Amino acid sequence: MALPRCIPVLLLQGGALVKTVRFQNPRYIGDPLNAVRIFNEKEVDELVFLDLDASVKGTSIPFQLLEEISGECFMPLSYGGGIKTMEDIRRIIQIGIEKVIIGTEAVENPAFVKQAVVEFGSSTICVSLDIQKTAIGYQLYTRSGTKLIQKDPIDFAQELEKFGVGELLVHSIDREGMQNGYDLDLVRTLRKVVKIPIIASGGAGTLEHLCEGVQNGASAVAAGSMFVFYGRHQAVLISYPDQTALKRIYSSIQRK
């Protein structure tokens, strides 16, 4: 039985690797190519790169950097940030990136993602949902959590499934970078209304958190801080649990 995917999510800004907390205050981590080489050695399931500047500031997609990353990467690779046209998607795929992650454009222009599924297929298209938990319920944001959208995120997830989107990358804004566990209520709520794969993101800090994400309905689990920081002082250290550790923690799911 295949283990659930465990995916490092790496943030790009100005060509460098950064990490945020609740989508704010980017902290420099290092060179993305060096990170890819380390993750290659650790036999990571999949890598996700998200470009903050392309998402928030509308800067160009860093195609040259993506080509360099793809040339170094030995595992399935996904990219998101600033994707607005079919030609953007086509160029990203030609570079060698298997999956595109569409966030802002999917939410603000749903017809775009519907067309993308028709042209490139469900397996190529993942939609990123940035969701904030508030006193009145869950709210949907775009542009890396900076713009509130007047759409119910749960209803919109169902709409995306009808479009044929292959996967949802679900970011919990209030837990991102906190390492205090996923928003399990959000994962369960989404799992009840959609059948397509859900990648839980935002809050993972331990192997147990990864397990909880899968137990509550995530098809795959993603993390950032957990894989780039070490210790209470948050020293920068690229890491990834070995397959033995993942098998041990996930075996508890099969026993329940």
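Residues numbered from 1 in each chain as written. Predicted model: local features only at pLDDT ≥ 70, side-chain atom pairs only at ≥ 80, totals over all residues. Heavy atoms only, no water.

Asks: Help me understand the pattern of salt bridges in this model?
Replies: When charged atoms on two side chains of opposite charge get close, those side chains can pair. For the structure on display, the rule yields 13 salt bridges. Note that Glu-46 is salt-bridged to Lys-99, the shortest N-O span being 3.4 Å. A residue pair is termed long-range when its members are at least 10 positions apart, and Glu-46 in the loop between α1 (32-41) and β4 (47-51) and Lys-99 in strand β6 (residues 99-102) qualify at 53 residues. With relative accessibility at 13%, the residue Lys-99 sits in the buried group. Asp-53 is paired through a salt bridge with Lys-57; the nearest N and O atoms lie 3.7 Å apart. Because the salt bridges share partners, they merge into one network encompassing Arg-5, Glu-46, Lys-99 and Glu-167. (Salt bridge = Lys/Arg side-chain N within 4 Å of Asp/Glu carboxyl O. Helix = DSSP H or I, 4+ residues; strand = E, 2+ residues; numbered from the N terminus. Buried < 20%, exposed > 50% of the residue type's maximum accessible area, 1.4 Å probe, protein only.)

Asks: Explain unusual backbone geometry here, please?
Replies: For residues that are not glycine, phi is negative in most cases, and the peptide bond is trans in most cases. In the Ramachandran plot, Phe-23 falls in the positive-phi region, its phi being about 70° despite a non-glycine side chain. By secondary structure assignment, the location of Phe-23 is in the loop between β2 (16-21) and β3 (24-30). One non-glycine residue, Gln-234, lies in positive phi territory at about 55°. Mapped onto the fold, Gln-234 is located in the loop between β13 (229-230) and β14 (235-236).

Asks: Whenever I open this one, the environment of Arg-91 confuses me. Can you help?
Replies: Mapped onto the fold, Arg-91 is located in helix α4 (residues 86-95). Among the residues examined, Arg-91 registers a relative accessible area of 38% and is labelled partly exposed. Between the C-alpha atom of Arg-91 and that of Gly-217, which follows or precedes it by 126 residues, the distance is 33 Å.

Asks: What is the right way to read the side chain of Ser-201 from this model?
Replies: For Ser-201, the position within the fold is in strand β11 (residues 198-201). A polar atom in the side chain of Ser-201 sits 3.1 Å from the side chain of His-171. Ser-201 has contacts with Val-9, Leu-169, Val-170, His-171, Ser-172, Tyr-182 and Ala-222, leaving out every residue within four places of it along the chain. (Polar contact = N/O pair within 3.5 Å; in protein donor to acceptor, adjacent residues only side chain to side chain. Contact = heavy atoms within 4.5 Å.)

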